Amino acid sequence: DAKTTQPPSMDCAEGRAANLPCNHSTISGNEYVYWYRQIHSQGPQYIIHGLKNNETNEMASLIITEDRKSSTLILPHATLRDTAVYYCILIGAGSYQLTFGKGTKLSVIP
Amino acid sequence: GAGVSQSPSNKVTEKGKDVELRCDPISGHTALYWYRQRLGQGLEFLIYFQGNSAPDKSGLPSDRFSAERTGESVSTLTIQRTQQEDSAVYLCASSSYMNTEAFFGQGTRLTVV
């Protein structure tokens, strides 16, 4: 049951910002937006999460719209090592199960 | 340890044999998860442990699959009488209680021939 919708693939030039969108129009009030990524042949890696305020950490920024129906993950200066599948998932407070959809395959182009 | 450790990293087994996959979570993490990822597919939830109890086993595909956890540490996933469709990468993750920032291991690639 896909609660989020992401484009299947995106390209980004090396050094440019990568903006990955995610739609979650049926998000509940207690659900957080989480982003993970999976680099080829590795386990998924946590990136960032937020509830309603924009968030920033050393890896990325997360912009959540005021109505919380969509969000954007921003990698400010994409490198070749950022080539991966990026997953946007919703997790309720106190929930544990991570349900991954198909994600967005980001290709960073030299 | 510094991260979630899984062993073996690769396992090739004959159809019908039993296999045991091991996961060492991050020290202090009470929650532990097993996932399966078939080639080119998404992550399939298998089982979740809180401490050494498993409140949710709903993802285990059949009764050939079982998992145990010792206290808040090592977990083993056992697959009996392996079948070719069991071939996949088996991923383990751990997180602090009620904190779903989960840390994943590198996985065990299981090939059933």
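Keep in mind the model is a prediction, meaning the values are calculated, not measured.

**Section: the overall build of chain B**
The secondary structure content of chain B amounts to 0 helices and 11 strands. In chain B, the succession of helices and strands from N to C terminus is β-β-β-β-β-β-β-β-β-β-β. Expected size for 113 residues packed as a compact globule is a radius of gyration near 13 Å; at 13 Å, chain B falls within 12% of this value. The principal-axis extent of the C-alpha atoms belonging to chain B is close to 40 × 25 × 25 Å. With 113 residues in all, chain B has 50% of them scored as buried. Within chain B, contacts between residues at least 6 apart in sequence are counted, and of these 54% link residues at least 24 apart. Total accessible area on chain B stands at roughly 5400 Å², and carbon and sulfur atoms take up 44% of it.

**Brief notes about the pairing of strand β7 (residues 70-75) of chain A**
All names here are of chain A. Where strand β2 (residues 18-23) meets β7, 6 bridges bridge the pair, whose relative direction is antiparallel. Note that in β7 the partner of Ala 18 across the bridge is Leu 75. Here strand β6 (residues 61-64) pairs with β7 via 4 bridges, running antiparallel. Among the inter-strand pairings, Ile 64 is bridged to a residue of β7, identified as Ser 71. Connecting the antiparallel pair β6 and β7 is a turn made up of 5 residues, with Arg 68 showing a positive phi of about 65 degrees.

Rules used in this analysis
- Residues numbered from 1 in each chain as written.
- Chains lettered and ligands numbered in written order.
- Predicted model: local features only at pLDDT ≥ 70, side-chain atom pairs only at ≥ 80, totals over all residues.
- Heavy atoms only, no water.
- Helix = DSSP H or I, 4+ residues; strand = E, 2+ residues; numbered from the N terminus.
- Rg over C-alpha atoms; globule rule 2.2 N^0.38 Å.
- Buried < 20%, exposed > 50% of the residue type's maximum accessible area, 1.4 Å probe, protein only.
- Contact = heavy atoms within 4.5 Å.
- Areas by Shrake-Rupley, 256 points an atom, 1.4 Å probe, with all protein chains shown as cover.
- Pairing = 2+ DSSP bridges.

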